[in-house]
Each structure stands twice: as C-alpha cells, then as structure tokens.
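Analysis of the macromolecular model
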Amino acid sequence: MSAILLAPAAVLPDADAAAQPGLAVLVEGGRIAAVGPLDELEGRSAERIDLPEALLMPGLINAHQHGRGLSQVQLGYPDDRLELWINRRRGRGAPDPYPLALLCALEMLRNGVTTALHANMSYGSGDYAGEVRAALRGYAEAGLRVTYCVGAVDRGGLAYDREEDFLATLPDDLRAWVTAPRPPAYADGAEGTKALMAGLRSEFAGDPLIRFAYGPAGPQWVSDGLFRALAEDARRLEVPIHLHCLESPVQAGACRRLYPEGTLARLDALGVLGPRTSLAHGVYLSDADMELAARRGVAVVTNPGSNLRLSNGAPPLARLRAHGVRLAVGTDNSASQDGEDLFAELRLTGLLARDPAWRGAPGPDAAELLAMGTVNGAALAGWDDVGRIAPGWRADLAALSLERVRGAWLDPDMPLRDAVVARALGRDVVLTMVEGRVLYRDGRFPHLDPAAVRDAAAEAARRAREPREAGDRERAARLGDALERFWGDRLTP
C-alpha cells in the first residue's frame, strides 16, 4: 500500500479539537504516519491528494445497523409499529444478504462512515451461518470496517412473554401456520452460537477490517441461560456484547413482567453488563437502569430516526446524559431521512437531547455530538485506535466539502467544527478512506461499479418478494391484524 499525503483546507483531529488550517496528513501502511504543516510533509515520497476546499476529519461510526442497503420502504414495508413490521416479513422470502450488505456499505462510505456495527440480524433462511458469511463478503468487497454481531434468540418470536395468550386468539389455520416447524433462524442455542463465533474468529483472524461481537437480540427474546452463557464466553474472548434493549412500549411492558427487579438489574446479575457492553435504543430505560448502566460503563446507542418512525417515541437523551451514560449513534437502516446520513442523525440526537426547562441542562455541544459519531462508537465496537487523526491511529478518514457548510457567509467567530456539526450533510462528503485506502471520491467508488451493486440488490429484493409458500402473504397480513388487536386491547387505556 503506497503512502498518501492528504492536503485539505483544514484538519479536525478529533471531537475535542478545533479545526486547524494549514495541516496535512501523511498515511502509510494503513495508519496515520504524521500530522503537520504541509511544507514539512510534502517532501515525503507519497501520492498527494489535494482537497483545497475540504475539511479532513475522522470517519464516522454507525454504531447500530443491520446491513440493509434497501430501506424498509424500498422493500415494501411502510413505517409501522415495530412489532407489526417485524412479523409482516413472514409473508416474503429471505433475500440474499450479500448484495444488500454491499449496497449498505457503499451508502455508508458515500456518507463518510468508515466503521459499522452490524447488529444481530437473521433473514430466516434457515442457514444463519451462511447469511453471516454472505453479509461479511459484502462488507469486505466494499472495504468498510465492521464489527459483526453473532446473534442469538431462543424465545418470544411472536408476542414476547405472551406467546401462549396470543396463540389462543388465532384461528386454527393461522395458529398452525405460525407454529409449524421451521429451521432455526439463528445458530442452535448457546453451544451452537459459541461454535459459530469460534469458527468466524478463526476464519477471519487475519482480516484487519473485521471483528466480532456477541449480539443476543434483546431481553424479551433471550433466556437467562443463553444470556449467561454468551456473557461468560464474551468475557473469555474479550469481545463486545451489543443488544437491543427496551425499544418499544410493548417491549417495556414485557420486560416489566419478565424482570420485576429491573431489566438491567437482571442483565447485571447474569454478567451481561460491563464496559464492553452496549445497548441499542434504550427508549424505555428507567432512571435506575441508567444509573446502573453508567456505573458499569455500559454505552447506549441511540437511533432517534428509527425510534420516531416506528412509533416508539423519542429516546430519553437528556436523562441519559444527566446520568453520565456513554452515548453513540446509529441509523438502524431506518434513519429520519431514509438513508445513511449519520450527520443528520447526530443533529437529530442533539435536538432531542435539549432539556426544555428554562434552567435545565444544556444540550450536547458540537464536541460531544462529534464524539458520539466517532470515538464513542469505535470504542464500543471494539476499535480503540479508530476515531482520531493522530500518528499511529488507523487511517479511517472522511473529507467534506465546506462549500455548503459555509454557504454565502460564515462568521469568523463561529468555530468550523461547530458549523460542520450544525450544517453538514452526508452529501457534502468528497472522500472516504478506510485503513489508508481511498474507497470513495467525488461521487465515484474506485474499486466497484455502484450501478451493478444496485442492480444486484434490486434483484435480491425482487426474488424475496416471492413467499416461501403460496398464501404466506395473506397469512402474514392476517397475523399482523391479529397482533394489532392483541396489543391494542392491552395497551390502549
């Protein structure tokens, strides 16, 4: 890998620093070799890339997503309650994860994202290990850095803790359909999940861009025994744990019934909580949960666009910050703008975190928001040398045009970093580099044909429109109606 000298208008070294004009960045061997004045570095033997109207900053970290390059709207699922949307997918076949993950990775690169945490996700093909390897192939071809969560589920697939109550409401034919034997969506129990983890870690041991985490789906989907077993193995392997937690009102009710002592109190007793643990969503965390999360060093990954779109409400960001909980940000492939623009999600996070009380705590400043989108997300994904521009750190970088950020006028008293956080969009990105390799520049991907990738993803979606069996589409619609009645009767005052 040849050395590259990046010469931007300014460098933003990290979330806490001010943008510094006149600096250049030398990249060698996939890492940052030097940061200094351009005239001191330009004598080095390196390919020079001039970015005279751009800010060079650490690449963004999407700390919770599922590798869906086509949004739920594009796949034919309108925004709806989370529980209804999940079960609606029973009416279609399983798409090939490879082109969807590849397209998702390209869209993230286009928006300045250099690392993604792929949360637990099964399309239900019956070959979970094959799905994981197919998605990893997509990430690898794109060149995106990824921490892939090996998922696990062993209960609650229909109605959480009220499976039997819900099944009793169904007509015989629909109950027979949803209870018919099917291949498992994930690996078989704790031993199967641990074996898959061991195999993947061995298979990708030499890959500098791929790491693994455990991804037990969430409290209402995972038994105490499975949680305990995976937490023990995570400690042994020193890998992260990332799970969905208290995302929806229905989940909050289920967890109150399952864990009367408190959801995080139970997870703590099972050994799940710790500084390598992160919780996605956390919309219905209690103050006791938040205090315990902060004490254990647990991070929460907020996905504000997804929470609002799926009628789960706004995440309690002001309270999370007041308790001192570490925060990162993800799109959940269901962002407010229906794309992979993490700048927009960071901005929404900042707006929702503002306390409306006149003398309430101020919302997060630009430095805090930028940390959520860079070093915080990198650390919880297990990458401690990603998220800063400093010698020795991995060369995962994004350059964004300042033309639209500055607009007609930007007051000299306004720090450039703050203006970027307030105004930048993903479409302002002009260059994305991962591990010292330029993967996106000025609308082009030097190593891939995006039109071919889009066509492959569209074909995968087209094939998946066909249900596994005739009549599944109609049965899934009836199941959704039954779920809506079941939860509506119990949640409506």
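Sequence order sets the numbering: in each chain, residues are counted from 1 along the sequence as written. Totals for whole chains, interfaces and linings use every residue, but because this is a predicted model, local features are given only for residues with pLDDT of at least 70 and side-chain atom pairs only at 80 or more, for both listing and counting. Each side-chain value is derived from all of the structure's non-hydrogen atoms; neither hydrogens nor water enter the calculation.

A word on the packing of helix α3 (residues 97-110) against helix α19 (residues 450-464)
Threshold: Between the N-to-C directions of two axes lies an angle of 0 to 180 degrees, each axis being a line fitted to C-alpha atoms and, for a helix, fitted only over the stretch in contact. Helical segments are the DSSP runs of H or I of at least four residues, strand segments are the runs of E of at least two, and each set is numbered from the N terminus. Every angle not falling under 35 degrees, over 145, or within 65 to 115 is termed oblique; those three ranges are roughly parallel, roughly antiparallel and roughly perpendicular. By definition, turning the near helix anticlockwise from the far helix through less than a right angle yields a left-handed crossing, and turning it clockwise yields a right-handed one. Residue contacts follow a heavy-atom distance rule, with two residues in contact if any of their heavy atoms lie within 4.5 Å. Gly is put with the polar residues, along with every residue not named as nonpolar or charged; the nonpolar set is Ala, Val, Leu, Ile, Met, Phe, Trp, Tyr, Cys and Pro, and the charged set is Asp, Glu, Lys and Arg.
Running from N to C, α3 and α19 point in directions that differ by 140 degrees, and their axes come no closer than 8 Å. Considering their axes alone, α3 and α19 lie oblique with respect to each other. The handedness of the crossing between α3 and α19 comes out as left-handed. Contacts between α3 and α19 involve Pro-99, Leu-100, Leu-102, Leu-103, Leu-106 and Arg-110 from the former and Pro-450, Val-453, Arg-454, Ala-456, Ala-457 and Ala-460 from the latter. Grouping the amino acids of the contact of α3 with α19 by side-chain chemistry returns ten nonpolar, no polar and two charged.

Structural notes on the pattern of salt bridges
What counts here: We count a salt bridge whenever a side-chain nitrogen from Lys or Arg sits within 4 Å of a carboxyl oxygen from Asp or Glu. The buried label applies to any residue whose accessible area, calculated with a 1.4 Å probe on protein chains only, is under 20% of its type's maximum; exposed applies above 50%, and partly exposed to all values in between.
Overall, the coordinates contain 32 salt bridges when judged by the stated rule. The partner of Asp-428 in a salt bridge is Arg-404, and the shortest N-O contact between them spans 2.9 Å. Pair noted here: Asp-428 is in the loop between α18 (416-423) and β15 (429-434) and Arg-404 is in helix α17 (residues 403-406), with a separation of 24 residues, a long-range link. Across the pair Asp-418 and Arg-417 runs a salt bridge whose closest N-O atoms are separated by 3.3 Å. When its relative accessible area of 24% is taken as the criterion, Asp-418 is described as partly exposed. Because the salt bridges share partners, they merge into one network encompassing Arg-31, Arg-145, Asp-385, Arg-394, Asp-396 and Glu-435.

A word on the environment of Val-430
The residue Val-430 is located in strand β15 in this model. The class for Val-430 is buried, based on a relative accessible area of 17%. Between the alpha carbons of Val-430 and Leu-117 there is a distance of 23 Å; along the sequence they are 313 residues apart. Those residues in contact with Val-430, other than ones at most four positions away along the chain, are Leu-51, Ala-54, Ala-399, Leu-400, Ser-401, Tyr-440, Arg-441 and Asp-442.

What about the nonpolar core?
Note that soluble globular proteins tend to have their nonpolar side chains buried in a common cluster. Stated precisely, the cut-off is as follows: The definition of a nonpolar core used throughout is a set of buried Ala, Val, Leu, Ile, Met, Phe, Trp, Tyr and Cys residues joined through side-chain atoms within 4.5 Å.
Counting residues in hydrophobic clusters, the biggest one holds 130 residues, and the most contacted among them are Leu-136, Tyr-139, Phe-166, Phe-212, Tyr-214, Leu-264 and Leu-285. Among the elements that line this core, the one with the most residues is α3, at ten residues. Not counting the four nearest positions on each side in its chain, Tyr-139 is found in contact with Gln-65, His-66, Gly-67, Ala-101, Ala-105, Met-108, His-118, Leu-144, Val-146 and Tyr-148. Core analysis: the second largest hydrophobic core is formed by 20 residues, Leu-6, Ala-54, Trp-393 and Leu-397 among them.

Describing the packing of aromatic side chains
Defined as follows: Pairing of aromatic side chains here covers Phe, Tyr and the six-membered ring of Trp, requires ring centres within 6.5 Å, and sorts the geometry by plane angle: under 30 degrees stacked, over 60 edge-to-face, intermediate tilted. The rule is short: NZ of Lys or CZ of Arg within 6 Å of the ring centre and within 35 degrees of the ring normal puts a charge over the ring.
Using the criterion set out here, one finds eight aromatic pairs in the structure. Arranged with centres 6.5 Å apart and planes meeting at 85 degrees, the rings of Tyr-77 and Trp-85 form a pair that is edge-to-face. Take Tyr-77 and Trp-85: they sit in the same class, and that class is buried. Taken together, a centroid distance of 5.1 Å and an interplanar angle of 50 degrees make the contact between Tyr-440 and Phe-445 tilted. Clustering of aromatic rings is evident, with ring pairs tying together Tyr-160, Phe-166, Trp-221, Phe-486 and Trp-487. Looking at Arg-89, its charged tip hangs above the ring of Trp-85, at a distance of 4.6 Å from the centre. Taking NZ or CZ as reference, Arg-137 lies 3.7 Å from the ring centre of Tyr-98, over its face.

Topic: the side chain of Arg-475
With respect to the element layout, Arg-475 can be found in helix α20 (residues 472-491). For Arg-475, a relative accessible area of 19% puts it in the buried group. Not counting the four nearest positions on each side in its chain, Arg-475 is found in contact with Leu-174, Trp-177, Glu-469 and Ala-470.

Focus on the environment of Asp-396
The test is simple: Polar contacts, as counted here, are pairs of nitrogen or oxygen atoms within 3.5 Å of one another; within protein the pair requires one atom able to donate a hydrogen and one able to accept it, and residues that are adjacent in sequence qualify only if both atoms are side-chain atoms.
Along the polypeptide, Asp-396 turns up in the loop between α16 (375-380) and β14 (397-401). A relative accessible area of 2% places Asp-396 in the buried class. Remark: the alpha-carbon pair of Asp-396 and Arg-145, spanning 251 residues in sequence, is separated by 8.8 Å. When near neighbours in sequence (up to four residues on either side) are disregarded, Asp-396 contacts Pro-58, Gly-59, Thr-114, Thr-115, Arg-145, Val-386, Met-433, Val-434 and Glu-435. A distance of 2.7 Å separates the side chain of Asp-396 from the side chain of Arg-145, its partner in a polar contact.

Comments concerning the pairing of strand β7 (residues 113-118)
Our working definition: Pairing between two strands is assigned when DSSP locates at least 2 bridges connecting them.
For β7, a buried count of six out of six residues is recorded, marking the element as mostly surrounded by other parts of the structure. Relative to β7, strand β6 (residues 60-65) runs parallel, the two sharing four bridges. Each residue of the ladder has a partner; that of Asn-62, found in β7, is Ala-116. With four bridges connecting them, β7 and strand β8 (residues 145-152) associate as parallel partners. Within β8, the position partnered with Thr-115 by the bridge is Arg-145.

Topic: the side chain of Gln-220
Examined against the element boundaries, Gln-220 turns out to sit in the loop between β9 (210-216) and α8 (224-237). On the basis of relative accessible area, Gln-220 is assigned to the buried category, the value being 1%. Residues in contact with Gln-220, not counting those within four places in the same chain, are Arg-155, Gly-156, Tyr-160, Gln-251, Ala-254, Cys-255, Leu-258 and Tyr-259.

Focus: unusual backbone geometry
Within the chain, Leu-246 stands out as a residue other than glycine whose phi angle is a positive 50 degrees. Along the chain, Leu-246 turns up in the loop between β10 (241-245) and α9 (249-258). The buried category is assigned to Leu-246, whose relative accessible area is 3%. The backbone of Glu-435 sits at a positive phi, close to 55 degrees, despite the residue not being glycine. In this fold, Glu-435 is placed in the loop between β15 and β16 (437-441). Using a relative accessible area of 14% as the deciding quantity, one classes Glu-435 as buried.

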